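Spelled out, the chains give:
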Amino acid sequence: QVQLAESGGGLVQAGGSLRLSCAASGSIFSINAMAWYRRAPGKQRELVVDITRGGNTHYADSVKGRYTISRDRAKNTVFLQMNSLKRGDTAVYYCNAAVSQLRGSDYVAYWGQGTQVTVSS
């Protein structure tokens, strides 16, 4: 089994910052891409940013220049630094990781339980 544990969400005023963390644990041989998604009230889940095993990143246009993803491969952890937060960033943020549990096995997507980020005016 693989678990993804997110932390760092909370309530912040517009213009403020938060840092999310997501640590993968369990039976892990290798992790490929990791990503952050979010689901705002009344909306579908959307990709915020992802980062490949090699460190290449892809950001949603709505967060470019404000969010920064980073990754500690040795600790199977991914971070999301969120600056200049807006009310529209309010959402549940989910961590996602493509995990291979055995050498040569396929990568399977795992999800965290989500962490609430609320931005007030």
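An account of the accompanying structure is given in this report. (Residues numbered from 1 in each chain as written. Predicted model: local features only at pLDDT ≥ 70, side-chain atom pairs only at ≥ 80, totals over all residues. Heavy atoms only, no water.)

### A look at the pattern of salt bridges
To keep things clear, this is the line we draw: Salt bridge, as used here, is a side-chain nitrogen of Lys or Arg placed within 4 Å of a carboxyl oxygen of Asp or Glu. Runs of E in the DSSP output that reach at least two residues are strands. Runs of H or I that reach at least four are helices, and both are numbered from the N terminus. Under the scheme applied here, a residue whose accessible area is under 20% of the maximum for its type counts as buried, over 50% as exposed, and between as partly exposed, the area being computed with a 1.4 Å probe on protein chains only.
This model, assessed by the stated rule, comprises four salt bridges. Here Asp 61 makes a salt bridge to Lys 64, at a shortest N to O gap of 3.1 Å. Between Asp 89 and Arg 66 there is a salt bridge, with its nearest N and O atoms 2.7 Å apart. Remark: Arg 66 occurs in the loop between strand S6 (57-59) and strand S7 (67-72) and Asp 89 occurs in the loop between strand S8 (77-82) and strand S9 (91-100); sequence separation between them is 23 residues. Among the residues examined, Arg 66 registers a relative accessible area of 9% and is labelled buried.

### Some points on the state of the cysteines
Linking two cysteines covalently through their sulfur atoms gives a disulfide. Spelled out, the test is: Two cysteine sulfur atoms make up a disulfide if the distance between them is within 2.5 Å.
Summed over all chains, the structure comprises one disulfide. Residue Cys 22 pairs covalently with Cys 95 via a disulfide, S to S 2.1 Å. The sign of the S-S torsion, about -80°, decides the handedness of the disulfide formed by Cys 22 and Cys 95: left-handed. Of the two residues, Cys 22 is situated in strand S3 (residues 18-26) and Cys 95 in strand S9; the sequence distance between them amounts to 73 residues. Cys 95 shares its class with Cys 22; the two are buried.

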